[in-house]
Each structure stands twice: as structure tokens, then as C-alpha cells.
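These are the residues of each chain, in order.
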Amino acid sequence: MKNIIKNIGVIAMAMVLTVNLTSCEATQNANNKQKGAVIGAGAGAVLGAILGNNVGKGGNGELGAVLGGVVGGTAGVLIGNKMDKQAQEIESEIPGAEVERVDDGIVITFDENSGVYFDTAKYNINTASQQNLDKLAGVLQEYVDTNVLVVGHTDSVGSEDSNMLLSQRRAQAVTNYFTSTKGLSSSRFTTNWYGEQTPVGDNATPEGRAQNRRVNIVIVPNEKMKLDAEKEAGN
């Protein structure tokens, strides 16, 4: 009986938090599955948000294994609300970035129009990009029970091999900035890259190429957050 009352209280609290956070554009775009209210199909939707409708061949690991699955039930609601709150804070801190809540994760897209960009054929992080990465680092320092995936992409200008290497160096530059410059734990980070293989814009146009020169940063709950949520939910 005590467990039933406890679960009812937790669900009620989670519902209140969800209502309070729905003004965030990222959470408005999330459906009930993405907020963790039911058991999801795994990392497929997150992968879609990163790669579009394409399947890349590059990188250094299986993204699905990094991203994990979606937690269901009351524990999923608790995790969903924590991730909603984090997404709202990122949107507030970095208004130019595209922030999406997908499954249990947050997908942030930085391109030349949204805060973190690179000079042509370069991979060093310039001053303007540092400012936005500093803001994101502050949020990551606040929410410590998460893991972070950094994924690099390029447009189709240049050879496929050179673009693969360029996307790798850009993604690693972002990861290194978080870990070496900002002092975030390297154990939280996984880095991947896809060169020109996963366009989201039309490479035949300048606007499309600008969209494709992007870095995705994906934030997902770590095992501690999942275990804490299950314990709080009484599972």
C-alpha cells in the first residue's frame, strides 16, 4: 500500500513538472514517448535526429550502443522531466542553437547559423564558437548524471576522404574543448564523425552546404540517473 501511495505521489509530481516545462520549444516538440512515459524502441529516433534519413559509414563506434534505450514507466517520467529541464536551460542559454528532445536524450545542432562553426577547411574553434560552448559546458557541469556524444559532419566540397578526416577533427576539437579546456570528465564523452555522408541540406546550394557543416551534441542519461530514477519510482 505504501508503495502504491508513493508511486501516485511521484507520478503527480512528475505531471506538475511536465506542465511547468511545456513552454520550452524543445519540450513542445517532444511527444509522450520522448518524455519517457512509455517504453520506447531504443535509440532509433535519436539516430534519425543526428543522421537524417541517411546511414553513415564513418565514426569510431556503434551509436546505438552509446545512446542506449528509452526507460519506461514512472522512472521514465522522472528522467524525462530532468531532461526537459536541461533542454529548457540550454535553449535559454544558447538561443541560436537547435535543441530537440528525442527519446530520453537531447539533440543539439550547431551549424554556421547557430553558434558553433568553423572556417573553411579548418577545425580550430574560434572565439565566437567558444562563447557558446562555454555556456553549454556550464549546463553540463550542472547536470552531471549525463553522457555526451559529439558528432561531426561536413558538406560535399572536397574529396570524401578529406571530408571524413575534417569531420573527425572538428568533432574531436569540440570534445577536447569540453574535456581539456573546460575540465569536464572525458569518461562522459564519445566522439563520432560522418564526413559528407549524412547531409540534412542540399549540397547544391550555399544554404544547404551551410546546414551540412554542422556538429551534433547529444546528451543522454547515464546509468546513475537511470538507477536513481528507478529507485525513486520504487522499482
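**Remarks on the confidence of the model for the protein**
Residues with a pLDDT of 70 or more make up 76% of the protein, whose mean pLDDT is 79. Taken as a whole, residues 2-23 scores under 50 in pLDDT and shows 25 contacts with residues more than four places along the chain or in a different chain. Across residues 27-41, confidence stays below pLDDT 50; counting only partners more than four residues off in sequence or on other chains, it has 39 contacts.

**Considering the side chain of Arg 188**
Along the chain, Arg 188 turns up in the loop between α7 (160-181) and β4 (189-193). Buried charge without a partner: Arg 188 forms no salt bridge, and the closest opposite charge is Asp 145, 7.7 Å away. Excluding residues that lie within four positions of it along the chain, Arg 188 makes contacts with Leu 140, Tyr 143, Val 144, Thr 146, Asn 147 and Val 148.

**Brief notes about the sheet that holds strand β5 (residues 215-221)**
Spatial strand order, β1-β2-β5-β3-β4: 5 strands in an open sheet with mixed pairing. Two strands in the sheet have a free side with no partner beyond their single neighbour: β1 (98-102) and β4. Put simply, the sheet's adjacent strands are angled 20 degrees from each other on average, direction ignored. When strand β3 (residues 146-152) meets β5, the two strands line up antiparallel, connected through 7 bridges. Paired with Val 150 across the bridge in β5 is Ile 217. Each of β1, β2 (105-110), β3 and β5 touches helix α5 (residues 73-93); the most contacted strand, β1, lies at about 175 degrees to it.

**So, the packing of α5 against helix α9 (residues 223-232)**
At their nearest, the axes of α5 and α9 sit 8 Å apart, and the two run at 130 degrees to each other. Between α5 and α9, the interaxial angle falls into the category oblique. In the packing of α5 onto α9, the handedness of the crossing is right-handed. Taking contact as the criterion, the partners of Ala 75, Leu 78, Ile 79, Lys 82 and Met 83 in α5 are, on α9, Met 225, Lys 226, Ala 229, Glu 230 and Glu 232. Looking at the contact of α5 with α9, its residues break down into 6 nonpolar, no polar and 4 charged.

**Re the layout of surface pockets**
By volume, the second largest pocket is sized at about 200 Å³. In this structure, the second largest pocket is lined by Asp 119, Thr 120, Ala 121, Thr 154, Asp 155, Val 157, Gly 158, Ser 162, Asn 163, Leu 166, Arg 170 and Arg 213.

**Examining α7**
Count 3.6 residues to each turn of an α-helix, and residues three or four apart come out pointing the same way. For α7, with 22 residues, the first-to-last C-alpha span of 30 Å sits near the 32 Å given by 1.5 Å per residue. Taken as a whole, α7 has its buried residues at Asn 163, Met 164, Leu 166, Ser 167, Arg 170, Ala 171, Ala 173, Val 174, Thr 175, Tyr 177, Phe 178 and Thr 179. Close packing links the buried residues of α7 with α6 (127-142), β3, β4 and β5. Just past α7, the residue Gly 183 takes up positive phi, approximately 80 degrees.

**A word on the packing of α5 against α6**
Relative orientation of the contacting elements α5 and α6 amounts to 155 degrees, with a least axis distance of 9 Å. Between α5 and α6, the angle falls in the class roughly antiparallel. Remark: the crossing between α5 and α6 carries right-handed chirality. Of the residues in α6, those touching α5 at Gln 86, Glu 89, Ile 90 and Glu 93 are Lys 135, Leu 136, Val 139, Leu 140 and Glu 142. Looking at side-chain class alone, the contact of α5 with α6 contains 4 nonpolar, 1 polar and 4 charged residues.

What counts, and where the lines are drawn
- Residues numbered from 1 in each chain as written.
- Predicted model: local features only at pLDDT ≥ 70, side-chain atom pairs only at ≥ 80, totals over all residues.
- Heavy atoms only, no water.
- pLDDT = per-residue confidence, 0-100.
- Contact = heavy atoms within 4.5 Å.
- Helix = DSSP H or I, 4+ residues; strand = E, 2+ residues; numbered from the N terminus.
- Buried < 20%, exposed > 50% of the residue type's maximum accessible area, 1.4 Å probe, protein only.
- Lys, Arg positive; Asp, Glu negative; His and termini not counted.
- Salt bridge = Lys/Arg side-chain N within 4 Å of Asp/Glu carboxyl O.
- Pairing = 2+ DSSP bridges.
- Axes fitted to C-alpha atoms, helices over the stretch in contact; angles between N-to-C directions.
- Parallel < 35°, antiparallel > 145°, perpendicular 65-115°, else oblique.
- Left-handed = near helix turned anticlockwise from the far one by under 90°.
- Nonpolar A, V, L, I, M, F, W, Y, C, P; charged D, E, K, R; others polar.
- 1 Å grid on protein atoms, 1.4 Å probe; cavity = no way out; pocket = protein on both sides within 12 Å on 5 of 7 lines; lining within 4 Å.
- Points joined across faces, edges and corners; volume = space filled by probe spheres on them.
- Expected span 1.5 Å × (residues − 1).

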